[in-house]
Amino acid sequence: MWWIYALLSALFAALTAIFAKIGIKGVDTDLATAIRTVVILILAWGIALFKGGHSGISSLTKTNWIFLILSGCATGLSWVFYFRALQLGKVTQVAPVDKLSVALAIALSVLFLGEPLTLKNSIGALLIIGGTIVLIF
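These figures come from a predicted structure and were not determined experimentally.

**Remarks on the overall build of the protein**
And step 1. Across its full length, the protein carries 6 helices and 0 strands.
And step 2. Going from N to C terminus, the protein has its helices and strands arranged as α-α-α-α-α-α.
And step 3. Dimensions of the protein, computed from the C-alpha atoms along their principal axes, are close to 50 × 45 × 25 Å.
And step 4. The proportion of buried residues among the 137 residues of the protein is 15%.
And step 5. When contacts within the protein are restricted to residue pairs at least 6 apart in sequence, long-range pairs at least 24 apart make up 71% of them.

**Structural notes on the packing of helix α1 (residues 2-23) against helix α3 (residues 62-88)**
And step 1. The geometry of α1 relative to α3 is characterised by a closest axis approach of 10 Å and an angle of 60° between their N-to-C directions. Note on packing geometry: the crossing formed by α1 with α3 is right-handed. Between α1, through Thr16, Ala17, Ala20 and Lys21, and α3, the contact on the second element is made entirely by Tyr82, Phe83, Leu86 and Gln87.
And step 2. Class assignment of the residues belonging to the contact of α1 with α3 gives a composition of 5 nonpolar, 2 polar and 1 charged.

**Brief notes about helix α4 (residues 91-98)**
And step 1. Where α4 is concerned, the buried positions are Val91, Val94 and Pro96.
And step 2. In this structure, the buried residues of α4 make contact with α1, α3, α5 (100-113) and α6 (119-136).

**A word on the nonpolar core**
And step 1. Counting 9 residues, the largest nonpolar core is built from Ala17, Ala20, Ile24, Ala32, Tyr82, Phe83, Leu86, Val91 and Val94.
And step 2. Where this core is concerned, the elements lending two or more residues are α1, α3 and α4.
And step 3. Looking at which element gives the most residues to this core, the answer is α3, with 3 residues.
And step 4. Not counting the four nearest positions on each side in its chain, alanine 17 is found in contact with Tyr82, Leu86 and Val91.

**Here we look at the pattern of salt bridges**
And step 1. Per the counting criterion, the structure on display carries 1 salt bridge.
And step 2. Aspartate 98 is paired through a salt bridge with lysine 99; the nearest N and O atoms lie 3.2 Å apart.

**Quick word on the environment of alanine 6**
And step 1. Note on placement: alanine 6 falls in helix α1.
And step 2. Owing to a relative accessible area of 38%, alanine 6 belongs among the partly exposed residues under this scheme.
And step 3. Taking the C-alpha atoms as reference points, alanine 6 and serine 122, separated by 116 residues in sequence, lie 20 Å from one another.

Definitions and limits used
- Throughout this document, residue positions are counted from 1 along each chain, in the order its sequence is written.
- Owing to the predicted nature of the model, reporting of local features is limited to residues with pLDDT of at least 70; listing and counting of side-chain atom pairs is limited to 80 or more, with chain, interface and lining totals taken over all residues.
- In computing side-chain properties, one takes all heavy atoms of the structure into account and sets aside hydrogens as well as water.
- Runs of E in the DSSP output that reach at least two residues are strands. Runs of H or I that reach at least four are helices, and both are numbered from the N terminus.
- Burial classes follow relative accessibility: with a 1.4 Å probe on protein chains only, a residue under 20% of its type's maximum area counts as buried, one over 50% as exposed, and anything between as partly exposed.
- It only takes one pair of heavy atoms within 4.5 Å for two residues to be counted as in contact.
- Only the stretch in contact is used when a helix axis is fitted, and all axes are lines through C-alpha atoms; the angle between N-to-C directions ranges over 0 to 180 degrees.
- In this scheme, a crossing is called left-handed if the near helix is turned counterclockwise away from the far one by less than a right angle; it is called right-handed if the turn is clockwise.
- Lys, Arg, Asp and Glu make up the charged group, whereas Ala, Val, Leu, Ile, Met, Phe, Trp, Tyr, Cys and Pro make up the nonpolar group; the residues left over, Gly among them, are polar.
- Grouping buried Ala, Val, Leu, Ile, Met, Phe, Trp, Tyr and Cys residues that are joined through side-chain atoms within 4.5 Å yields what is termed a nonpolar core.
- The rule for a salt bridge is simple: a side-chain nitrogen of Lys or Arg has to be within 4 Å of a carboxyl oxygen of Asp or Glu.

Printed below as a string of structure tokens:
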């Protein structure tokens with residue numbers, strides 16, 4: 001089942017690039033990011049409230065809070081830089097570079113989470129890096 005959600009994530013990430021490129025035309029990218037964030041905030045809380053997920057907030061540990069906040073900061077900075085890159089470059093250049101995050105996530109998961117670096121993961125990461133190089137030059 002996870003792969004269906006992953007494919008949907010990829011689809012919506014692709015749509016994000018297209019919608020954002022059209023939406024940021026002549027707009028300050030920081031303002032665009034702020035508007036996008038408000039929409040996501042409303043959507044995420046709406047889903048959490050509808051599904052009852054908000055009831056678990058009292059059981060979050062200090063570690064949960066710290067790393068969820070850090071994740072939010074990383075997401076926000078990613079969006080700020082992504083929108084600026086989209087404003088300056090083409091989607092066909094920006095999107096592939098943005099997806100280098102997959103190869104970086106593999107490397108960081110090995111370093112910080114102790115996940116195994118398999119031959120399959122290594123080859124996949126190298127193919128992503130190679131594909132990015134092909135697409136941007």
